[in-house]
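Letter by letter, the chains look like this.
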Amino acid sequence: LKRLNALRQSLSMLIAINRRNAWHLTSRQTVDLKKNYINPEKLIKEIERRLNYLNLEKDLLTDLPHLPLVYESDLLNPENHQTTLNRIFDYLGIDSVSVKTHFKRTTALPLSDYIQNYDEIVHRIHQTPYAEFLADENQG
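Residues numbered from 1 in each chain as written. Predicted model: local features only at pLDDT ≥ 70, side-chain atom pairs only at ≥ 80, totals over all residues. Heavy atoms only, no water.

Draft legend 1. Highlighting the environment of lysine 35. As for its placement among the helices and strands, lysine 35 is situated in the loop between β1 (25-26) and α2 (40-61). Of the residues examined, lysine 35 reaches a relative accessible area of 43% and is grouped as partly exposed. The residues contacting lysine 35, other than those within four sequence positions of it, are Ser112, Asp113, Tyr114, Ile115 and Gln116. (Helix = DSSP H or I, 4+ residues; strand = E, 2+ residues; numbered from the N terminus. Buried < 20%, exposed > 50% of the residue type's maximum accessible area, 1.4 Å probe, protein only. Contact = heavy atoms within 4.5 Å.)

Okay, structure coming up:
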């Protein structure tokens, strides 16, 4: 499973840590809408780390049989979950079953809704090769 938007993935991780390691919410829990301060340099280092891991994974998986999954196209939209799981079941050679999650996204809103220093982050990201990740800012 890879995520194409390393900015979003890095922000998700940093915000989860800010929320005292709260990585998931169930459908019964409420989202903490408190805006988070994100250290721009820490964010850039995290993006770089994630991209390095992505390249390493790509190299390691080159000769191994695997089913590539992409977060943005396979899991971001809950309407795609069953189709994605059906692909996984088929790949594994097992019968498909109906799936349903009790988890909900913790950062589905536009970045500006939950990042205290959003303008500073955008300005700093535009000074890096990672500005392309801002293009789909409202898509999760």
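From this point, the narrative continues.
Draft legend 2. Quick peek at helix α5 (residues 118-125). Listed in full, the buried residues belonging to α5 are Ile121, Val122 and Ile125. The arc that holds the buried residues of α5, viewed along the axis, is 95°, so those residues lie on one side. Exposed residues pointing more than 90 degrees away from the buried face of α5 are listed as Asp119 and His123. Where α5 is buried, its residues contact α1 (6-18) and α2. (Arc of directions from axis to C-beta.)

Draft legend 3. Broad picture of helix α4 (residues 81-92). If you check α4, its first and last C-alpha atoms are 16 Å apart, about what 12 residues at 1.5 Å a residue would give, namely 16 Å. Looking at α4, one finds that the buried residues are His81, Thr84 and Phe89. The arc that holds the buried residues of α4, viewed along the axis, is 140°, so those residues lie on one side. Where the residues of α4 are buried, they touch α3 (71-75). Downstream of α4 by a residue or two, glycine 93 has a phi angle that is positive, lying close to 75°. (Expected span 1.5 Å × (residues − 1).)

Draft legend 4. Highlighting the pattern of salt bridges. With the rule as written, the count across this model stands at 5 salt bridges. Two residues, arginine 124 and glutamate 41, come together in a salt bridge whose shortest N-O distance is 2.7 Å. Of the two residues, arginine 124 is situated in helix α5 and glutamate 41 in helix α2; the sequence distance between them amounts to 83 residues. Given the relative accessible area of 39%, glutamate 41 is considered partly exposed. In this structure, arginine 49 engages glutamate 46 in a salt bridge whose closest nitrogen and oxygen atoms are separated by 2.6 Å. Taken together, the residues arginine 49 and glutamate 46, both in helix α2 and 3 residues apart, mark about one turn of the helix. (Salt bridge = Lys/Arg side-chain N within 4 Å of Asp/Glu carboxyl O.)

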